[in-house]
Amino acid sequence: MSTSPQTLTTKDVAKVGLLARLALSEADLERMAGELSKIVGFVSMLGELDTADVAPLAHPLDTQNVFRDDVPAASLSTAEALQSAPRHDGECFLVPAVLGESSAA
Amino acid sequence: MSTNTPYTTIIGLEVHVQLMTRTKLFCGCSTKFGGAPNTQVCPTCLGLPGSLPVMNRQAFDLALRAALALECTIAPFTKWDRKNYFYPDLPKGYQISQFDLPFSSDGFLEVVDPKGAFEPRRVGIVRVHLEEDAGKSMHDDAAGTGDTRIDLNRAGTPLCEIVTQPDLRSPQEARAWLNELKLLLVYLGVSDCNMQEGSLRVDANVNLHIPVPATAGAEARIAKTPIVEIKNMNSFRSVERALTYEAARQWEEWQATKAEMGKTPKQTRGWDDPAGITRAQRHKEESSDYRYFPEPDLVPVTVTAERIQSIRGGMGEPPVSLRKTLASQWQISAYDADVLVNQGRELVDYFEDLATRVGEGKVASNWMQQDVLRILNETNGTVSAFPVRPAGLADLIGRVKKGDFDTSRAREIFAEMVTSGRPVDDVVAGMGISAVSDDDVIALCRELLAANPKIVADVKSGKEQAAAGLIGQAKKKNANVNPGKVRAICLDLIREMG
Amino acid sequence: MQPLEMSAVDLVAALRQGDITAVECATVFLDRIEATNGSINAFLAVDREGALARAADIDARRKAGKPVGPLAGLPVALKDVLCTADMPTTCASKMLAGFRPPYDADVVARLRRADAVFVGKTNMDEFAMGGSNENSAFGPVRNPWDLSRAPGGSSGGSAACVAADMAPVAIGSDTGGSIRQPAGLCGITGLKPTYGRVSRRGLIAFASSLDQIGPMARSAADCALIMETIAGHDPGDSTSLAVDVPRYTDLIDKPLTGVRIGRVPEHFAAGLDPEVAKGVEEAFAVLMAAGATVHDVQLPHAKYGIPTYYLIAPCEASSNLARYDGAHYGHRAEPGKGHRAEAGGQRSAGQAGGFESPLVEMYCRSRAEGFGPEVKRRIMLGTYALSAGYYDAYYAKALRVRRLIRQDYLDAFQTVDLIGGPVSATPAFKLGEKTDDPLAMYLVDLYTVGTNLAGVGGISFPCGFTKSGLPIGFQLQAPPLAEPLLLQAADRFQRLTDWHRRRPQAMEGGKA
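Residues numbered from 1 in each chain as written. Chains lettered and ligands numbered in written order. Predicted model: local features only at pLDDT ≥ 70, side-chain atom pairs only at ≥ 80, totals over all residues.

### Comments concerning the interface of chain A and chain B
Counting residues at the interface gives 36 residues for chain A, matched by 50 residues for chain B. Both strand 3 (residues 93-95) of chain A and strand 10 (residues 148-151) of chain B contribute to a ladder of 3 bridges, which runs antiparallel. The residue of strand 10 of chain B that forms the bridge with Val95(A) is Thr148(B). (Contact = placed C-beta atoms within 7 Å. Pairing = 2+ DSSP bridges. Helix = DSSP H or I, 4+ residues; strand = E, 2+ residues; numbered from the N terminus.)

### Here we look at helix 9 (residues 274-289) of chain C
Residue and element names in this part refer to chain C. In this model, helix 9 (16 residues) spans 23 Å end to end at C-alpha, consistent with the 22 Å of a helix rising 1.5 Å per residue. Turning to helix 9, its buried residues number three or more, namely Val 276, Gly 279, Val 280, Ala 283 and Leu 287. Considered in projection along helix 9, the buried side chains sweep an arc of 100° and stay on one side of the axis. Exposed and facing more than 90 degrees away from the buried side of helix 9 are Pro 274, Ala 285 and Ala 289. Of the surrounding elements, those touching the buried residues of helix 9 are strand 7 (260-263), strand 10 (418-422), strand 11 (457-465), strand 12 (471-478) and helix 16 (483-496). Immediately downstream of helix 9, the backbone of Gly 291 shows phi near 115°, a positive value. (Expected span 1.5 Å × (residues − 1). Buried ≥ 20, exposed ≤ 12 C-beta atoms within 10 Å, placed from the backbone. Arc of directions from axis to C-beta.)

### Brief notes about the sheet that holds strand 5 (residues 189-192) of chain C
By definition, the strands of a sheet pair up through backbone hydrogen bonds, in either a parallel or an antiparallel sense. Residue and element names in this part refer to chain C. Strand order in this open sheet of 11 strands is 1-3-2-4-6-5-11-12-10-7-8, and the pairing throughout is mixed. The open sheet is flanked by strand 1 (43-46) and strand 8 (293-296), the only strands paired with a single partner. Averaged over all neighbouring strand pairs, the angle between strand axes comes to 30°, with direction disregarded. Looking at chain direction, strand 2 (residues 75-79) and strand 4 (residues 169-174) are connected through 3 bridges and run parallel. Opposite Val 76, over in strand 4, you have Val 169 as the bridge partner. In this fold helix 2 (residues 22-40) packs onto strand 1, strand 2 and strand 3 (117-122), with an angle of close to 20° to the strand it touches most, strand 3. (Axes fitted to C-alpha atoms, helices over the stretch in contact; angles between N-to-C directions.)

### Some words on the nonpolar core
Membership of the largest hydrophobic core comes to 287 residues, with the highest contact counts inside it found for Ala63(B), Ala66(B), Val76(C) and Val119(C). With residues near it in sequence (within four places) discarded, Ala66(B) still touches Val128(B), Cys160(B), Leu185(B), Leu188(B) and Val190(B). Formed by 30 residues, the second largest nonpolar core is a distinct cluster that contains Ala337(B), Val358(B), Ala364(B) and Val418(B). (Core = buried A, V, L, I, M, F, W, Y, C linked by C-beta atoms within 7 Å.)

### Describing unusual backbone geometry
The step from Gly153(C) to Ser154(C) runs through a cis peptide bond, and the omega angle for that step is 10°. Relative to the elements of secondary structure, Ser154(C) occurs in the loop between strand 3 and helix 5 (156-163). The backbone of Cys193(B) shows a phi angle near 50°, a positive value even though the residue is not glycine. By the C-beta count within 10 Å, which is 20 here, Cys193(B) ends up buried. The backbone phi angle of Gln331(B) is positive, close to 55°, even though this residue is not glycine. Among the secondary structure elements, Gln331(B) is positioned in the loop between helix 6 (319-330) and helix 7 (334-342). On the basis of neighbour count, Gln331(B) is assigned to the partly exposed category, with 13 C-beta atoms found within 10 Å.

Here it is as structure tokens:
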């Protein structure tokens, strides 16, 4: 963490906005740059702490090895699956043209 | 390295295989291929608000099995991470995958070409990890601006990602290695590796290493072309074709631009199979910022030595050692063992059963390759559905050895057994075949010799092949005689004539 | 029979004995909601028809001598963060307006099996992000003790509906104080159980490693009753603890003799309202009178709790809320009207003037339209803190400090059984007082976020009132799975005091 608090420019905010898929107006960018800079400046106080020897703790539980058996369970009907879809054709969800291949890695 | 090119082709592969579980990685929905759209979905794989994942034990065990077969080191502690990106076939907006602590790493798989087209190649495995598949996006290309349809049946299917070192040196090697990988995973029951159904998918990274001779100002060095990732290859044949095309394309580009690795971002190109070319795909500026972080809805997994032992114990023999086992146990050639093993576990089981009954590996292997495999190929059949079981075929082979009929006659009988599904005796009776007594054969031969003085004379003058003319005539007189026997007896009788 | 004034424990007994029918009981509370919700706005949806049908069914079964569940006929309000198959579930967001989950949350299913009667879904800060309930897309909740003030948040609707007698019990969720802080500001009792004690399946996630569901009621005894139904292992939640559920109601009635309660001196530093400080000190005195001993303990990293929380929670939230993109459910922007719709011009960040595809446009505009400002702020903050180049400095750093904070608690619990102190630095604040200053709003969680970061349990209950008549909350925190002790201490306190029995009068006048 840098010693001087991070300041976000509107360009930074625009980049984060695209990553987060949030359309932001020019006014949004300005306002968010200010607000986020302030918050980031505040959370940067963690930089005071020397944590070089502290392992990250991502989760409060110490639990491990939770599995389920490979046993089929009921699926939803197609109608249930699509019941809250903004657009569908009775079989599939419909979204605006993707123009590209499946994301399947 | 191909000896006839002025460069070395460097290839690494990234393979995704669907694991053969009944249910998805994190929910109880079926993984069966081909269901009507959005019929194998639930809150979890639809990514509905509030839904949570629970890991399928069988998926983890199959992944472990794959990693062990690929000689990987199994991590004692592993966890899952979220890979964040937006795409409509990924309903949660993130894929549950593994980032910095995959469950296995650092293995290898060797590929040997029995015909010696390339040197045996040990391909390093960087890592194998377990992740979830995405759903399917279907584009109406004709409409152009139309909607994309999303089917989430596949979303959440367990996938193993296998990443190799850039150890492959030719498109042929890459294809052969993929065949070996597929064979291994199918043998172990990890995956059906059906590329048509998308249960095995391959991306390839390729570039060229080009020796650049010393010049006045610079020492000799190896120039490396920019790495290109090739996607959309739908068969191992396309992989080979795409890599061949891409290597040639990079060579041309090198000659034109001298562009080297590191100076341009990694490019992704898609394989256009009908056109036989790769095409540059659009570069997405933010695509690499996946913001991985530990998946808080799952807990880590620890793997003990006992667990590894038990998985290893239930694994079955992988192809690489099975080839050696068959060759030494049944005294067949390495080439024959390779052919048999490459057909899959079921065929090997058939062969071993047959060889045991026949008591001779070589004969069994010949019948397998020349008859069983030939018919399977012609009819596109499977070993399990093959109508003649090892016992029936062993029976037939036994009768041949006994001299009841010759091999070509036996082939006719075999063909009839396959068609009718009936045992040897039934077929023999049905075809009017009966064993001819030795006395009858001798009588027939005497008759033939008397009627063919010219042949007798030819044989006497040393042209033994002239006896073949007698065999045809013998068959005409009695279809059931064993031609080999006719020949042997005729030659004996001529010799007796002095 | 005055059902509105009865505890859940007494109501369940009265229902069991036939002193009141489930239909009568439900009617009383539904009528109360109808009369009062207009001024409080605690409910986003009221299911009068469903509740009465359910109650009638319970009455019929009871009459026929058929088995009924342990909460048979008890009206319960559900925070709208819990999925319900028969009621809309919105998370107080325009994004999920009209959304109907095809399944019940585990907690909802358990309450259903116990034959509780759901009266409706309560208002909250959008996606549980906030400490005042002003972030609801459907209008703020008003504090029943003073309608010009906030009830706290994010479970503000759940707290206010119990305080205003609209339900004897409500279910809330607590990610950084969202049960305890509104309970404190509304003068009711709220329990945030140990992480993993109650299944999160069907709880719409805000920050998965911090979220926990808990009961909000008039007393610790009522919370104990509800915990017996909602706690327990759920094989559908990998983070649910496979630990038996104690009979909380049997365990709480014990003296506090020998129980050691920690007091953190730093809690009383500048910033703590003097009236709150006084109420809290008096609460320690009551607990001592009940047999407990009080000892100073240190939580050395407590002051880092807020910055740690405001990195971890937004990071997880940025990912948890990625699914709201207009593709499969929820709000989708109308195509093709975005570019010049707003002054200053709507633009896709990073791409001057346009979007790279119709899909990306749909995503960006749906999310921009569907989420409120605080949710967007946290998504942006979390996305930034996880992005390339910042992960180590922000997210990973916060995880390291989280370990230090948890260790503080584990160390403190070596010497004390519970840690006591204030829930909030001030009593309920005015609506609008902090809305222009996100950072000031974040600080309202000062005393509560540590519990979540450490994964331990905490309870909040009223320990006095200010001169102006606003409730003051007291918080106890306990080691993992020490809910029986938390409930025991709070129950003991409530046997010696009557703060929890006081009822607000404000909403009758409807002053706002």
